[in-house]
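Single-letter residue listing:
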Amino acid sequence: AAGVIQSPRHLIKEKRETATLKCYPIPRHDTVYWYQQGPGQDPQFLISFYEKMQSDKGSIPDRFSAQQFSDYHSELNMSSLELGDSALYFCASSFTNTEAFFGQGTRLTVV
Amino acid sequence: QKEVEQNSGPLSVPEGAIASLNCTYSDRGSQSFFWYRQYSGKSPELIMSIYSNGDKEDGRFTAQLNKASQYVSLLIRDSQPSDSATYLCAVNQRDSSYKLIFGSGTRLLVRP
């Protein structure tokens, strides 16, 4: 069965650079969630989209933005990167607000 | 108060025993409840969902929901060492909300 695909899997950036993370949801899923998970922490909700419209926002810094495109894939854009942005970034998708399935994540390291 | 609370553990049980994991949530209007398993450095894996009061069984796993007490639990029967992981409780607060909130997770250790 098709799963949520995230790219890239690993990313190394320098401070103050910009990063773009991509997420391809499971086909026919209309909802995408983005999460940030630091070492030893639970996933922190960043933002969600339903039917290509922004739905809910969590603890997403102003330096970050996200959007969902017409083909339902989503991108998380992160600017002016800081050392504290180093984390695992997960995307999940669901059909409306039923079970959400996670991608394998992108490990971002800011040096 | 966190929106979703779990005991961080670790919860240590012998192989073959029943592991009981608990979760409480603060928003009485919450509608959907999920249990995820996460191995270190890996993504959360959905193992159970529950939407109405009572028990739901799937293989060795049973989820229990009590909306009046704002309490969700997960029982793992015949625990195996491979069950050793962090178990995350997640709550979707309202029908119109697309905001899945996680607890901090309970680390489960199953001793051979």
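Going by the structure above, here's the rest.
Values in this document were obtained by computation on a predicted structure and should not be read as measured data.

1. Some words on the overall build of chain A
Logical step 1: A count of helices and strands for chain A gives 0 helices and 11 strands.
Logical step 2: Whereas a compact globule of 111 residues would reach a radius of gyration of roughly 13 Å, chain A reaches 13 Å, a difference of no more than 12%.
Logical step 3: Considering only C-alpha atoms, chain A reaches an extent of 35 × 25 × 25 Å along its principal axes.
Logical step 4: In chain A, buried positions account for 48% of the 111 residues.
Logical step 5: Relative to all contacts within chain A whose residues are 6 or more apart in sequence, the contacts with residues 24 or more apart total 52%.

2. Regarding the nonpolar core
A general tendency of soluble globular proteins is for nonpolar side chains to be buried together.
Logical step 1: With 39 residues, the main nonpolar core has Trp 35, Tyr 36, Leu 74, Tyr 87 and Leu 100 of chain B as its most contacted residues.
Logical step 2: For this core, the leading source of residues is strand 9 (residues 85-92) of chain B, giving 6 residues.
Logical step 3: With residues near it in sequence (within four places) discarded, Tyr 87 of chain B still touches Gln 6, Leu 21, Trp 35, Tyr 36, Arg 37, Ile 47, Leu 74, Ile 76, Gly 105, Thr 106 and Leu 108 of chain B.
Logical step 4: Counting residues in hydrophobic clusters, the runner-up holds 22 residues, among them Leu 11, Ala 87, Tyr 89 and Leu 108 of chain A.

3. Section: the sheet that holds strand 7 (residues 64-68) of chain A
Residues and elements named next belong to chain A.
Logical step 1: One open sheet holds the 4 strands; their spatial order is 1-3-8-7, and the pairing between them is antiparallel. Both outer strands of the open sheet, strand 1 (5-7) and strand 7, are each paired with one neighbouring strand and no more. Put simply, the sheet's adjacent strands are angled 15° from each other on average, direction ignored.

4. Focus on the sheet that holds strand 6 (residues 54-58) of chain B
All names here are of chain B.
Logical step 1: The 5 strands lie next to each other as 1-3-8-7-6, forming an open sheet whose pairing is antiparallel. The open sheet terminates on both sides in strands that have one partner only, identified here as strand 1 (4-5) and strand 6.
Logical step 2: Relative to strand 7 (residues 61-66), strand 6 runs antiparallel, the two being bridged by 5 bridges. Looking at the pairing, Asp 58 lines up with Phe 61 of strand 7.

5. Focus on the state of the cysteines
Logical step 1: If you walk through the whole model with that rule in mind, you get 2 disulfides over all chains.
Logical step 2: Between the sulfur of Cys 23 of chain A and that of Cys 91 of chain A lies a disulfide, 1.7 Å long from S to S. The disulfide joining Cys 23 of chain A to Cys 91 of chain A has a torsion of about -50° about its S-S bond and is therefore left-handed. Taken together, the residues Cys 23 of chain A in strand 3 (residues 19-24) and Cys 91 of chain A in strand 9 (residues 87-94) connect sequence positions 68 residues apart.
Logical step 3: You can call Cys 23 of chain A buried: its relative accessible area is 0%.
Logical step 4: With a relative accessible area of 0%, Cys 91 of chain A lands in the buried category.
Logical step 5: The side chain of Cys 23 of chain B participates in a disulfide bridge whose partner is Cys 89 of chain B; the two sulfur atoms lie 2.1 Å from each other. Disulfide Cys 23 of chain B-Cys 89 of chain B: torsion about the S-S bond near -70°, hence left-handed. Of this pair, Cys 23 of chain B sits in strand 3 (residues 19-25) while Cys 89 of chain B sits in strand 9, and the two are 66 residues apart along the sequence.

6. Re the environment of His 73 of chain A
All names here are of chain A.
Logical step 1: Looking at where His 73 falls in the secondary structure, it is placed in the loop between strand 7 and strand 8 (74-78).
Logical step 2: When its relative accessible area of 9% is taken as the criterion, His 73 is described as buried.
Logical step 3: Distance in space between the C-alpha atoms of His 73 and Ser 86 is 23 Å, their sequence separation being 13 residues.
Logical step 4: Ignoring anything within four residues of it in the chain, the contact list for His 73 reads Cys 23, Tyr 24, Pro 25, Gln 67 and Gln 68.
Logical step 5: There is a polar contact of 3.1 Å between the side chain of His 73 and the side chain of Glu 75.

7. Examining the pattern of salt bridges
Logical step 1: Applying the stated criterion across every chain yields a total of 7 salt bridges over all chains.
Logical step 2: Asp 85 of chain A is paired through a salt bridge with Arg 63 of chain A; the nearest N and O atoms lie 2.9 Å apart. Separated by 22 residues along the polypeptide, Asp 85 of chain A in the loop between strand 8 and strand 9 and Arg 63 of chain A in the loop between strand 6 (53-57) and strand 7 bring together distant segments of the chain.
Logical step 3: Relative accessible area serves as the criterion here: at 4%, Asp 85 of chain A is assigned to the buried category.
Logical step 4: Glu 57 of chain B is paired through a salt bridge with Arg 77 of chain B; the nearest N and O atoms lie 3.5 Å apart.

What counts, and at which threshold
Residues numbered from 1 in each chain as written. Chains lettered and ligands numbered in written order. Predicted model: local features only at pLDDT ≥ 70, side-chain atom pairs only at ≥ 80, totals over all residues. Heavy atoms only, no water. Helix = DSSP H or I, 4+ residues; strand = E, 2+ residues; numbered from the N terminus. Rg over C-alpha atoms; globule rule 2.2 N^0.38 Å. Buried < 20%, exposed > 50% of the residue type's maximum accessible area, 1.4 Å probe, protein only. Contact = heavy atoms within 4.5 Å. Core = buried A, V, L, I, M, F, W, Y, C linked by side-chain atoms within 4.5 Å. Pairing = 2+ DSSP bridges. Axes fitted to C-alpha atoms, helices over the stretch in contact; angles between N-to-C directions. Disulfide = S-S within 2.5 Å. Polar contact = N/O pair within 3.5 Å; in protein donor to acceptor, adjacent residues only side chain to side chain. Salt bridge = Lys/Arg side-chain N within 4 Å of Asp/Glu carboxyl O.

On their own, these measurements won't tell you what the molecule is for.
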